[in-house]
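Each chain, written out:
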There are 2 protein chains.
Amino acid sequence: METIEQLLESKDIRITAMRLLIYKFLAEKEIAVTLSDIENAFEKADRTTLYRTIKTFEEKDIVHQIDDGTGITKYALCEQGCSCDIKTDLHLHFHCNNCNETICLTDHKIPQIKVPDGFVSENVNLVVKGICDKCSG
Amino acid sequence: METIEQLLESKDIRITAMRLLIYKFLAEKEIAVTLSDIENAFEKADRTTLYRTIKTFEEKDIVHQIDDGTGITKYALCEQGCSCDIKTDLHLHFHCNNCNETICLTDHKIPQIKVPDGFVSENVNLVVKGICDKCSG
DNA sequence: TAGTAAGTGCAATGGAAGTGCATTTGTTAT
DNA sequence: ATAACAAATGCACTTCCATTGCACTTACTA
C-alpha cells in the first residue's frame, strides 16, 4: 500500500500538511468537488492556497478538472493508472440534475468520435446529465 | 424563403429592431459566440438587453447554449429542424485550441452513451477539442 | 545553520452572470 | 386616434468565482 507521501513524492510534489489534508479530502470523496467545497471543509485555510494546491495537483496529473456545465470548475482525483495526460483515454462524467453532484464514471470510456476532414481531435469532454443512482432509487 | 420576422413570429417572439439585429448577427456567424462577442458587435446596445434577448431566444429554441469548457457560455443558432428541446438529438461541438473558436458539428450526432444501472441519462454535452480545419490547413 | 527556494495567507482585481427599477416602446381596446 | 396596459430596454448595482501581487513563513540544501 502506497502512502500519500510516497505518491506525492513520486510526482515531484513537496509534502506539506496542507497538501496531505487536501489529498485526503479528495480521496474520501467519490464525487468531483469545487474549490468552495474544499474551502468549506478547511475553514482555516486560505482560498488561494487551495487554488494553487489544486493547480499543482493538476499539473502533476494527480487530479483532473471537470467541466460539468454548471459553470463552476470541479476537480477529482485521478485513479490509479489514470492517464489524464494521455488525451485519448478520457472517461466520462455524470452530473445529477437532482443532487447536483458530479461523478467520475471511470469505467466508461468515451467512444471514438469522428470529426470532419481537416479537424484534428486532441481531447474530448463528455458530460452526461440526468438522475444519479442515489436519487433515482 | 422564410423571413426572420416570420420566424420570430412563429415562435411567439415580438419583433424588435434589436432582436432582428442580433438574429442576423448570429446567422452570419458560423461559430458559437459569447455575450461579449455580441456586445462588441453592437456597442450601442446594453449588455442586459443582449443577455435577455439571448435568454428569450433560448427559451423559444432559436439558439442553444454551448459549454465548450472555456468557462464562458457560448450561443449558436439552432438549425432548421434542430430539436434542441428534444434532448436525445444533440449534436456535438468542436472547440479549436488554436483560434479558440467553437463550431457546431450539426451533422455529427452524439453516439448513444451507456450509463451504469440506476443512472438515468437525460442530456449529453460533448465537446471535442483540437485543431479546426482552418488552423490545421 | 545560513541561505535559498517553495508554500502560504492577505488583499485586491477582473470578468461574467444576474437583478431591481425607471424609462421607453409596442400592442390592444375603447 | 388615444388611453391603458404589457413588454422591452437601459442604467446601476450586486454577487460569485477565478486569478494575481506581495509579504511572510516554512521546508530543503549547501
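Being a predicted model, the structure only gives us computed values, none of them experimental. (Residues numbered from 1 in each chain as written. Chains lettered and ligands numbered in written order. Predicted model: local features only at pLDDT ≥ 70, side-chain atom pairs only at ≥ 80, totals over all residues. Heavy atoms only, no water.)

**Here's the deal with the interface of chain A and chain B**
Alright, step 1. Listed as interface residues are 32 residues of chain A and, on the opposing side, 32 residues of chain B.
Alright, step 2. Summed over both partners, the interface of chain A with chain B comes to about 2500 Å²; 64% of that surface belongs to carbon and sulfur atoms.
Alright, step 3. Together, Ile113(A), Phe119(A) and Asn125(A) form the three largest contributors to the area buried by chain A at its contact with chain B, with a combined 20%.
Alright, step 4. Linking chain A with chain B are 14 residue pairs in polar contact (both at pLDDT 80 or more).
Alright, step 5. Counting residues per element, the ones that place at least two in the side of chain A that touches chain B are strand 4 (91-96), strand 5 (102-109), strand 6 (120-131) and helix 5 (133-136) of chain A.
Alright, step 6. Looking at which element gives the most residues to the side of chain A that touches chain B, the answer is strand 6 of chain A, with 12 residues.
Alright, step 7. Considered class by class, the residues forming the side of chain A that touches chain B number 16 nonpolar, 9 polar and 7 charged.
Alright, step 8. Here strand 6 of chain A pairs with strand 6 (residues 120-131) of chain B via 11 bridges, running antiparallel. The residue bridging Val128(A) from the neighbouring strand is Val124(B), located in strand 6 of chain B. (Contact = heavy atoms within 4.5 Å. Buried area = accessible area lost by both parts, 1.4 Å probe. Polar contact = N/O pair within 3.5 Å; in protein donor to acceptor, adjacent residues only side chain to side chain. Helix = DSSP H or I, 4+ residues; strand = E, 2+ residues; numbered from the N terminus. Nonpolar A, V, L, I, M, F, W, Y, C, P; charged D, E, K, R; others polar. Pairing = 2+ DSSP bridges.)

**Thoughts on the relation of the copies chain A and chain B**
Alright, step 1. With an RMSD of 0.1 Å, the operation that places chain A on chain B is a rotation of 179° combined with a shift of 0.0 Å along the axis. Look at the turn and shift together and you get a two-fold axis relating the two. Identified as the residue of chain A closest to the rotation axis by C-alpha distance is Leu126(A), at 2.3 Å.
Alright, step 2. Both copies contact each other with a shared surface, as 100% of the interface residues of chain A are interface residues in chain B too. (Least-squares fit on C-alpha atoms with pLDDT ≥ 70 in both.)

**Side note on the protein's contact with DNA strand D**
Alright, step 1. In the neighbourhood of DNA strand D, 16 residues make up the surrounding shell, with Tyr51(A), Thr16(B), Arg19(B), Thr49(B) and Arg52(B) lying closest.
Alright, step 2. Backbone sugar and phosphate groups make up 68% of those atoms of DNA strand D lying within 4 Å of the protein.
Alright, step 3. Contacts to DNA strand D include Arg52(A), whose side-chain N or O atom sits 3.2 Å from a base oxygen.
Alright, step 4. The separation between a phosphate oxygen of DNA strand D and a polar side-chain atom of Arg19(B) is 2.8 Å.
Alright, step 5. Elements that contribute at least two residues to the surface near DNA strand D include exactly helix 4 (47-59) of chain A together with helix 2 (17-28) and helix 4 (47-59) of chain B.
Alright, step 6. A breakdown of the residues in the surface near DNA strand D according to their chemical character gives 3 nonpolar, 6 polar and 7 charged. (Near = heavy atom within 4 Å.)

**A short note on the packing of helix 2 of chain B against helix 4 of chain B**
Residues and elements named next belong to chain B.
Alright, step 1. With their axes 11 Å apart at the nearest point, helix 2 and helix 4 run at an angle of 70° to one another. Taken as axis vectors, helix 2 and helix 4 run roughly perpendicular relative to one another. Touching Met-18, Arg-19, Ile-22, Tyr-23 and Leu-26 of helix 2 are Thr-49, Leu-50, Thr-53, Ile-54, Thr-56 and Phe-57, all from helix 4. (Axes fitted to C-alpha atoms, helices over the stretch in contact; angles between N-to-C directions. Parallel < 35°, antiparallel > 145°, perpendicular 65-115°, else oblique.)

**A few points about the side chain of Asp68(A)**
Alright, step 1. Residue position: Asp68(A) is located in the loop between strand 2 (63-66) and strand 3 (74-77).
Alright, step 2. The exposure class of Asp68(A) is buried, given its relative accessible area of 0%.
Alright, step 3. Here Thr70(A) takes part through its side chain, which lies 2.6 Å from a polar atom of the side chain of Asp68(A).
Alright, step 4. Of note is the side chain of Asp68(A), whose polar atom sits 2.5 Å from the side chain of Thr102(A).
Alright, step 5. Non-local contacts of Asp68(A), meaning those with residues more than four positions away in its chain, are made with Lys74(A), His95(A), Thr102(A), Val127(A), Lys129(A) and Asp67(B). (Buried < 20%, exposed > 50% of the residue type's maximum accessible area, 1.4 Å probe, protein only.)

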